[in-house]
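Fold and contact review
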Amino acid sequence: MNKSLKAIIAAAALAAMAASCAKYVTEDNITAQKRIREAWMRVNLGQVLEADENGLYIIESTPGDGQAVGDTAFCLLDYVARDLDGNYTTYTTEEVARKMGTYSSTNYYSPEIVQMGQFKLYTPVENLVKSLGKGGSAKFLLPPEATTYDYPKDLRKYYKTYGNDGTEPALSENFIYEMKVVDVIDDIFQYQIDRLEDFSARNYAGVDSICKGFYMVKIKENTAEADTIASGATVKVNYIGKLLDGFCFDTNIADSAKVYGLYDVSKTYSQLSVTYEPDGYTSDDDGNKSYVTGVINGFAMTVGRMKYDETAIAFFWSNLAYGTSSSDTYPAYSPMFFYIDIPPKE
C-alpha cells in the first residue's frame, strides 16, 4: 500500500476513533471496503468512480472489434488481478510470473478458457466480458459485493445448502483486474478439430483422422506378425506428451525431460507399463467400450494400434485426453500430441 493511501486511511481511522469516544461504533465489512476503495481511488485516480450497472468500477475499457460473445460461447481470457496494495493474486501470463519470481518452465502460461453461462465467472464480470467482445479489454475494480452469481432458482437452492446461494459476496476484499478477451469460440469441439486439421497439414502432410478427433502416424513400422501384441498383455512404453504448440508437459524419458526443462532429480524415469488391447479398448455385447485404464483414451488407442519395436505419433482432441480438466501444465479442452515408442519384445 502506498504512503499516501496509508495516511488517508489512518486519518479516517483516527477521526472515527475520536468521534466514538463516548460510544463504540462497529463497521461491517462492506462499509469498510467501500471506505477503503474510495480512499484508493482518490489517491490513484484522482476521483471516486461510480459503479456501472454491474456494480463494477471501470477504470479503463476498450471494446473489441471482433466477434460478439454469446450466452454460451467460450472465451479465451488473459487476466491479472491485484489487491489494493498492488500484490498480484492471480494471473494467466508468463510476464507476471517472471515479475513475481514464480515462473517455472514446467508450467504452461496461456489465456484461460471459460464458457459463458456456466458460472465460472462472477455474474457482473461475465456481463462485462460479454459487452467487450473479441479483442476487448478492461481494467476495473471488483468490489466484494460484485463477487456474486446469478444462479437460476434450482441451482440457488442447491448451493444454499452449502452456505451461499450466490447472493452473498464470495470475496471479502476489493481487487483490481486487467482482463482481455483474446478469442471467442462458439463451438469448442469444432475449434479443436480445426486446430488438429491445421496441425496435420503443417506437420504430417495432411494425414486424415482415423476416427473423429484422432490422428496417428507410425514413424517406425514393424511388419513382423510375430511381434503382434496379445490382448491383455502388459507392454513397456516410452513417451513424450506435448500440446499442439510444442509445449512438453510430460515424459518418462530422462534425456527428453532435460531437453524440455522438465527434469526432476527426485523422479524416477522408467518405462510405463500399459495393458494392451486392440484399438485401446474392449467392447461388450452391446458395443459399449471399456478403455484401458491408467492412461488417457487417446494414448490407449495409439498403443492399441502398435506392435513391439514400433514408434508412432498421435494427436487427438480433448475428448480423448483430459476433457474439461486443467492443471499447471495444460489448459482445459486441450488437444494433445504424443510420441510413443514400444521397445522390441523381450
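Structure: above.
Residues numbered from 1 in each chain as written. Predicted model: local features only at pLDDT ≥ 70, side-chain atom pairs only at ≥ 80, totals over all residues. Heavy atoms only, no water.

Across all of its chains, the model carries 25 aromatic pairs by this definition. Considering the side-chain rings of Tyr 204 and Phe 315, the 5.7 Å spacing of their centres and the 25° angle between planes classify their relative orientation as stacked. In this pair, Tyr 204 is assigned in the loop between helix H6 (188–203) and strand S7 (214–220) and Phe 315 in strand S13 (residues 310–316), connecting sequence segments 111 residues apart. Ring centres of Phe 316 and Phe 338 lie 5.9 Å apart, and the angle between their planes is 5°; this geometry places the pair in the stacked category. You can see Phe 316 sitting in strand S13 and its partner Phe 338 sitting in strand S14 (residues 336–342), a full 22 residues away along the chain. Here Phe 316 falls in the buried class, since its relative accessible area comes to 0%. An aromatic cluster of at least three residues, connected via ring pairs, comprises Phe 214, Tyr 239, Phe 249, Phe 299, Phe 316, Tyr 322, Tyr 330 and Phe 338. A cation over a ring is seen here: Arg 98 above Tyr 103, with NZ or CZ 3.8 Å from the ring centre. (Phe/Tyr/Trp six-rings, centres within 6.5 Å; stacked < 30°, edge-to-face > 60°. Helix = DSSP H or I, 4+ residues; strand = E, 2+ residues; numbered from the N terminus. Buried < 20%, exposed > 50% of the residue type's maximum accessible area, 1.4 Å probe, protein only. Lys NZ or Arg CZ within 6 Å of the ring centre and 35° of its normal.)

Ranked by size, the top nonpolar core spans 40 residues in total, and within it Phe 299, Val 303, Phe 316, Met 336 and Phe 338 carry the most contacts. Listed by contribution, the elements that provide at least two residues to this core are H6, S7, strand S8 (234–243), helix H8 (297–303), S13 and S14. Dropping the residues within four chain positions of it, Phe 299 is found in contact with Val 237, Tyr 239, Leu 272, Val 274, Phe 316, Phe 338 and Ile 340. Among the nonpolar cores identified, the runner-up in size contains 26 residues, and Val 69, Leu 121, Leu 128 and Leu 132 belong to it. (Core = buried A, V, L, I, M, F, W, Y, C linked by side-chain atoms within 4.5 Å. Contact = heavy atoms within 4.5 Å.)

Turning to the environment of Tyr 79, a few remarks are in order. Locating Tyr 79 in the fold gives a position in strand S2 (residues 74–83). For the pair Tyr 79 and Ser 110, spaced 31 residues apart in sequence, the C-alpha to C-alpha distance is 10.0 Å. Sequence-distant contacts of Tyr 79, defined by excluding residues within four places in its chain, comprise Thr 90, Tyr 91, Thr 92, Glu 112, Tyr 177, Glu 178 and Met 179. Among the polar contacts listed, one links the side chain of Tyr 79 to the side chain of Glu 112, at a separation of 2.3 Å. (Polar contact = N/O pair within 3.5 Å; in protein donor to acceptor, adjacent residues only side chain to side chain.)

On to the side chain of Asn 252, then. Position of Asn 252 among the secondary structure elements: in the loop between strand S9 (248–251) and helix H7 (254–259). Residue Asn 252 is classed as buried on the basis of its relative accessible area of 8%. Polar contacts involving the side chain of Asn 252 include one to the main-chain carbonyl oxygen of Val 237, which spans 2.9 Å. A distance of 3.1 Å separates the side chain of Asn 252 from the backbone oxygen of Ser 270, its partner in a polar contact. Beyond its immediate stretch of four places on either side in the chain, Asn 252 contacts Val 237, Asn 238, Tyr 239, Tyr 269, Ser 270, Gln 271 and Leu 272.

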